[in-house]
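# Tertiary structure, described
Chain by chain, the residues run as shown.
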Amino acid sequence: MSWKNIIGQKQQIRVLQNAIETGRLAHAYLFTGPEASGKESIAFELARVLNCRNSRENPENGSCGTCPDCMQIAAFMHPNIEYVFPVEAALLDGGETPKKENKKFTEARERYEALIEEKKLNPYFTPSMDRSMGILSEQIVALQHKALYMPSEGSRKIFIISQADRMNPAAANKLLKLLEEPPGHVMFILVSSRPDAVLPTIRSRCQEIRFQRASPQELRQWLQENRPDITEPELGFTVNFSRGNLALAWELMSRSGSSEGIPAVLLRNQAIDYLRLVLTPNRFHEALTACENHAKNLSKPEVVLFLGALLLFFQDVNHRLIVPGFKGLNNPDISPAIDRFTKSFPNPDFFAISTLTEEAIRAIDRNANPLLVLSAWTAEIRTLIRK
């Protein structure tokens, strides 16, 4: 990745580029803003630029992405880059049993490596282990030890701390000591979507850079320039569905032209076909069979996308009920279906529908049983639409 490959955040990139050119980089940064807005992708690009062997040849572009240092950073194996995020305590303490023989450690390590692999595929993904208790003091102690040594190559060591608001008190106090007397060869980049939860004394020692969600226009332009293979209606659906959440946008992009996973628009069409079954008289038994098949065959992210696509569809219906000629639809390619729905069901309870669907999505995110969630949603949605 280079500066040009980052979606949006042009002003934030200019601030960092100017600091690099003038040699006035801060020793510690706090990147704040909405989740999945690109904070970590820019943190890693800054780390690449400061360690890339070719970045000085064309500073406006940033890192080259092909030198050994850039390749090592992309593989999360560069000796100068430390990436910290909330992990399970079992990963840090093997107990008396050697770690290689410790079952809990081995299982935790596998979960950790799976998250790193997902981060390699999606630079906007924010990893966190489900059983973690936040960022632990042992993780910051490890940084203290590594800060004692000069960088092996490149100009600086970069310590990227993801979800810095999740540091426990002991970890926060240890990090504060590091920031009070920062080694000259180390740069700290703290990333947080909840900066108010970061210790005030830590925040005061960091230069804060605020991020915003990428606008629909920025995401659309980036897709047109970098993914010309994604065309309408998939292009519009990716922009509208992601709502500036770049982790989600990247996931939808990855489905395009991939043999793994169902393309987003096809999944949306399946969701609308399913809704037709649910609402068609004398076909509810078919809807229950389809519900079972979807719960069995769709992955967790696909179930979330399935329900999220219905939320966008209901939003379009609501817009057309209020303003029949409304043009800014999320799904303009299926506007005839939206208009038919408004005529057939003129008085849905949209607030209750949205609440029910959002609760179902949250339940899936919390690892609830997909069949139970979809079955409960199916049983209730008919009444809410037919009011």
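Going by the structure above, here's the rest.
Please read these numbers as outputs of a predicted model, since none were measured by experiment. (Residues numbered from 1 in each chain as written. Predicted model: local features only at pLDDT ≥ 70, side-chain atom pairs only at ≥ 80, totals over all residues. Heavy atoms only, no water.)

Turning next to the nonpolar core. With 51 residues, the main nonpolar core has Tyr 29, Phe 31, Ile 160 and Ile 189 as its most contacted residues. Of the residues forming this core, the biggest block, 7 residues, is contributed by helix 2 (residues 39-51). Contact partners of Ile 189, with chain neighbours within four places excluded, come to Tyr 29, Phe 31, Ala 43, Leu 46, Ile 158, Phe 159, Ile 160 and Ile 161. By size, the runner-up hydrophobic cluster in this structure holds 50 residues, among which are Leu 252, Val 303, Leu 356 and Ile 361. (Core = buried A, V, L, I, M, F, W, Y, C linked by side-chain atoms within 4.5 Å. Buried < 20%, exposed > 50% of the residue type's maximum accessible area, 1.4 Å probe, protein only. Helix = DSSP H or I, 4+ residues; strand = E, 2+ residues; numbered from the N terminus. Contact = heavy atoms within 4.5 Å.)

On to unusual backbone geometry, then. Here the amide bond leading from Glu 232 into Pro 233 is cis, since omega sits at 0°, within 30 degrees of zero. For Gln 9, which is not glycine, the phi torsion reads 55° and is therefore positive. Among the secondary structure elements, Gln 9 is positioned in the segment before helix 1 (10-22). Owing to a relative accessible area of 4%, Gln 9 belongs among the buried residues under this scheme. With a phi angle near 70°, Asn 367 is a residue other than glycine that sits in the positive phi range. Following the sequence through the fold, Asn 367 ends up in the loop between helix 15 (350-365) and helix 16 (370-385).

What follows deals with the packing of aromatic side chains. Aromatic ring pairs are defined here through the distance separating the ring centres and the angle between the ring planes. Going through the model one piece at a time under the given rule, you end up with 17 aromatic pairs. Residues Tyr 274 and Phe 306 carry aromatic rings whose centres are separated by 5.8 Å and whose planes lie at 55° to one another, so their mutual orientation is tilted. Of this pair, Tyr 274 sits in helix 11 (residues 264-279) while Phe 306 sits in helix 13 (residues 300-322), and the two are 32 residues apart along the sequence. In this structure Tyr 274 comes out as buried when scored by relative accessible area, which is 2%. Centre to centre, the rings of Phe 313 and Phe 341 are 5.4 Å apart; their planes meet at 85°, and the pair counts as edge-to-face. Of this pair, Phe 313 sits in helix 13 while Phe 341 sits in helix 14 (residues 335-344), placing them 28 residues apart in sequence. (Phe/Tyr/Trp six-rings, centres within 6.5 Å; stacked < 30°, edge-to-face > 60°.)

What follows deals with the environment of Ile 189. Inspection of the secondary structure puts Ile 189 in strand 4 (residues 186-192). With 176 residues separating them along the chain, Ile 189 and Ile 13 place their C-alpha atoms 14 Å apart.

Another point: the pairing of strand 4. Burial runs high along strand 4: 7 of the 7 residues are buried. Going residue by residue along strand 4, you find Val 186, Phe 188, Leu 190 and Ser 192 tucked away on one face and Met 187, Ile 189 and Val 191 tucked away on the opposite face as well. Bridge analysis of strand 1 (residues 28-32) against strand 4 gives 5 bridges, and the strand direction is parallel. Within strand 4, the residue paired with Thr 32 across the bridge is Ser 192. The parallel pair strand 3 (residues 157-161) and strand 4 is bridged by helix 6 (residues 169-180), and the resulting crossover is right-handed. (Pairing = 2+ DSSP bridges. Right-handed = clockwise from strand over helix to strand, strands pointing away.)

Let us now look at the packing of helix 8 (residues 216-226) against helix 9 (residues 234-242). Between helix 8 and helix 9, the shortest axis-to-axis distance is 10 Å and the interhelical angle comes to 145°. Remark: the crossing between helix 8 and helix 9 carries right-handed chirality. Residue-level inspection shows Pro 216, Leu 219, Arg 220, Leu 223 and Gln 224 of helix 8 in contact with helix 9, the latter providing Leu 235, Gly 236, Thr 238, Val 239 and Ser 242. Split into classes, the residues belonging to the contact of helix 8 with helix 9 amount to 5 nonpolar, 4 polar and 1 charged. (Axes fitted to C-alpha atoms, helices over the stretch in contact; angles between N-to-C directions. Left-handed = near helix turned anticlockwise from the far one by under 90°. Nonpolar A, V, L, I, M, F, W, Y, C, P; charged D, E, K, R; others polar.)

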